[in-house]
Amino acid sequence: MKKVVLSGMRPTGRLHLGHLVGGLENFLMLQKKEEYQCYFFIADWHATTDTFDWSEINEYSREILLDWLAYGINPQKSIIFRQSRIPEHSELLVILSSITPVPWLTRCPSYKDKLEMLKEEERVSIGFLNYPLLQTADIIIYKANYVPVGEDQLPHLEITREIIRRFHHRFNCSIFPEPTALLTKIPRLPGLDGRKMSKSFGNTIDLAENEESIKTKILSMITDPQRVKRSDCGHPEVCSVFEYHKVFFKDRIQIIEQDCKSAKIGCVECKNELSCRLINLLEPFRRIRKENIDTESIFTNGEIKAKERAKTVLNEVKQTIKVGI
């Protein structure tokens, strides 16, 4: 049998370049390997733990699917679905919540960060506290062997493994494989302001960004603070624009580095080249939105396959715990 790969993205906004290098590249690489069956899902229940307008979740789900398709994620090869359309996720969450100690969840870095940000424990929802528990249900309902994640998700994945061990010990069984993380090659892409690219910081370049917006945003990027004049020699190692060249366009990286250090090119020239190349790179993401794609059918077909697998696994769980059969 093929090994199962599972990963999802929250529909809390449009995907940006950080998602491209931190997720989609991994998705596409894994899809190409014959030994894997990939499950890629829209984590819409996870999105409800955020504070933004939930009425946008369906539209963002469609937007994410279009970006996946534009990058080459193929519904004929990978199973694509919306988390909320597979009720087995939620049912398994209820079962797991009865065997998982609360301190396991409160020690999660994401929970601690949220608590520190809000300053009041009462303002942190149970849904947010349960985030790693629902993530566990997402993973084990398909008996996933591998989970493509960023480094920030490793504590969540370790909790998943601990919950699996606890379940096996509690019910004297061995149903689920302990999933292995598949780390992204580029853990962090700087945003327009030098901080990590994030929707919450408002420093992103979206995959479906229009040409003029790309040019404007790239021109606004912070470069080498020591380079005051055009004739000053640059220090590309501290420049976010150079970091983008390194990540996306390795073919000219040595030339750009030398020209920057010798002041052969200025920051504006470097930014203009980056803009042109990014516009070409992101052209498929803009083009696919002009096509008449039946995203609902793609979701529905994937959800039929996902539900078949999830239902089988949940029935096995119920037989094991002797409840719900």
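A few points on the structure. (Residues numbered from 1 in each chain as written. Predicted model: local features only at pLDDT ≥ 70, side-chain atom pairs only at ≥ 80, totals over all residues. Heavy atoms only, no water.)

1. With respect to the overall build of the chain
In plain terms, the rule: Each helix is a run of H or I in the DSSP string that is no shorter than four residues. Each strand is a run of E no shorter than two, and both are numbered from the N terminus. The globule rule used for comparison is 2.2 Å times the number of residues to the exponent 0.38, while the radius of gyration itself is calculated over C-alpha atoms. Type-normalised accessible area, obtained with a 1.4 Å probe on protein chains alone, sets the label of each residue: buried when under 20%, exposed when over 50%, and partly exposed for intermediate values. Charged-residue counts in this description rest on Lys and Arg as positive and Asp and Glu as negative, His and the chain ends being excluded. Lys charges are placed at NZ, Arg charges at CZ, Asp charges at CG and Glu charges at CD.
Along the backbone of the chain there are 15 helices and five strands. Computed over the C-alpha atoms, the radius of gyration of the chain is 22 Å, within 12% of the 20 Å expected from 2.2 N^0.38 for a compact globule of 325 residues. In terms of overall dimensions, the chain has C-alpha extents of about 75 × 45 × 35 Å along its principal axes. Residue burial in the chain is summarised as follows: out of 325 residues, 52% are buried. Placing the 47 positive and 44 negative side-chain charges of the chain at their respective mean positions leaves the two points 3 Å apart.

2. Thoughts on helix 15 (residues 295-321)
Test applied: By this rule the span expected of a helix is its residue count minus one, scaled by 1.5 Å.
If you check helix 15, its first and last C-alpha atoms are 38 Å apart, about what 27 residues at 1.5 Å a residue would give, namely 39 Å. Within helix 15, the full set of buried residues consists of Thr295, Ile298, Phe299, Gly302, Glu303, Ala306, Ala310, Val313, Leu314, Val317, Lys318 and Ile321. Of the residues flanking the end of helix 15, it is lysine 322, one or two places downstream, whose phi is positive at about 65°.

3. Observations regarding helix 8 (residues 131-140)
With respect to burial, helix 8 is a largely interior element, 10 of its 10 residues being buried. Buried residues of helix 8: Tyr131, Pro132, Leu133, Leu134, Gln135, Thr136, Ala137, Asp138, Ile139 and Ile140, and no others.

4. Description of the packing of aromatic side chains
Here is the rule we go by: Pairing of aromatic side chains requires ring centres within 6.5 Å, counting the rings of Phe and Tyr and the six-membered ring of Trp. Pairs whose planes differ by under 30 degrees are stacked, by over 60 edge-to-face, and all others tilted.
All told, the structure shown has 14 aromatic pairs when counted by the stated rule. Relative to phenylalanine 171, the ring of phenylalanine 167 has its centre 4.9 Å away and its plane inclined at 50°; by these criteria the two rings are tilted. Pair noted here: phenylalanine 167 and phenylalanine 171 are both in helix 9 (residues 154-171), with a separation of four residues, about one helical turn. The exposure class of phenylalanine 167 is buried, given its relative accessible area of 1%.

5. Points about the nonpolar core
Applicable threshold: Grouping buried Ala, Val, Leu, Ile, Met, Phe, Trp, Tyr and Cys residues that are joined through side-chain atoms within 4.5 Å yields what is termed a nonpolar core. What makes two residues a contact is simply this: any of their non-hydrogen atoms within 4.5 Å.
Core analysis: the biggest nonpolar cluster contains 51 residues, and Leu17, Leu24, Trp68, Ile205, Tyr244, Phe248 and Leu278 have the highest contact counts within it. Looking at this core, the element that brings in the most residues is helix 1 (residues 17-31), giving seven residues. Setting aside chain neighbours within four positions, we find leucine 278 in contact with Leu17, Ile205, Ile214, Ile218, Tyr244, Phe248 and Phe249.

6. A look at the pattern of salt bridges
How we decide: What makes a salt bridge here is a side-chain nitrogen of Lys or Arg within 4 Å of a carboxyl oxygen of Asp or Glu, nothing more.
Counted by the stated rule, this structure contains 25 salt bridges. Between arginine 14 and glutamate 63 there is a salt bridge, and its shortest N-O distance comes to 3.1 Å. With a gap of 49 residues between them, arginine 14 in the loop between strand 1 (3-9) and helix 1 and glutamate 63 in helix 3 (residues 57-71) connect regions that are remote in the sequence. Ionic contacts of the salt-bridge type, sharing partners, join the residues Arg14, Glu63, Asp67 and Arg289 into one network.

7. Considerations on the side chain of aspartate 44
Tracing the backbone shows aspartate 44 in helix 2 (residues 44-47). Take aspartate 44: its relative accessible area is 6%, and that puts it in the buried class. With near-sequence residues (within four places) excluded, aspartate 44 lies in contact with Pro11, Ile57, Arg82, Gln83, Ser84 and Arg85.

8. Focus on unusual backbone geometry
You will see that asparagine 172, though not glycine, has its phi angle at about 50°, which is positive. Considering the arrangement of structural elements, one finds asparagine 172 in the loop between helix 9 and strand 5 (180-183). A relative accessible area of 74% places asparagine 172 in the exposed class. Positioned with a positive phi, lysine 322 is a non-glycine residue whose angle comes to about 65°.

9. A short note on the pairing of strand 5
Consecutive side chains along a regular strand alternate between the two faces of the sheet. Convention followed: A strand pair is defined by DSSP finding two or more bridges across the two strands. For the handedness criterion, the strands are oriented away from the viewer, and a crossover whose path from the first strand over the helix to the second runs clockwise is classed as right-handed.
Bridging between strand 4 (residues 146-149) and strand 5 involves four bridges; their strand directions are parallel. Within strand 5, the residue paired with valine 149 across the bridge is leucine 183. Remark: the strand 4/helix 9/strand 5 crossover connection has right-handed handedness.

10. Points about the side chain of lysine 318
As for its placement among the helices and strands, lysine 318 is situated in helix 15. Residue classification places lysine 318 among the buried residues on the basis of a relative accessible area of 15%.

11. Structural notes on the pairing of strand 3 (residues 79-82)
Side chains Ile79 and Phe81 of strand 3 all project onto a buried face; the interleaved residues Ile80 and Arg82 project onto the opposite face, where all are buried too. As defined by bridge partners, strand 2 (residues 36-42) adjoins strand 3 across four bridges and the pair is classed as parallel. By the bridge assignment for strand 3, phenylalanine 40 is matched with isoleucine 80.

12. Section: the environment of leucine 192
Inspection of the secondary structure puts leucine 192 in the loop between strand 5 and helix 10 (211-219). Exposure remark for leucine 192: the relative accessible area of 11% places this residue in the buried category. Taking C-alpha positions, leucine 192 is 4.9 Å from methionine 221, a pair spaced 29 residues apart along the chain. Here leucine 192 is in contact with Asn203, Thr204, Ile205, Lys217, Met221 and Ile222, once residues within four sequence places are set aside.

Any functional reading would require information that these geometric values do not contain.
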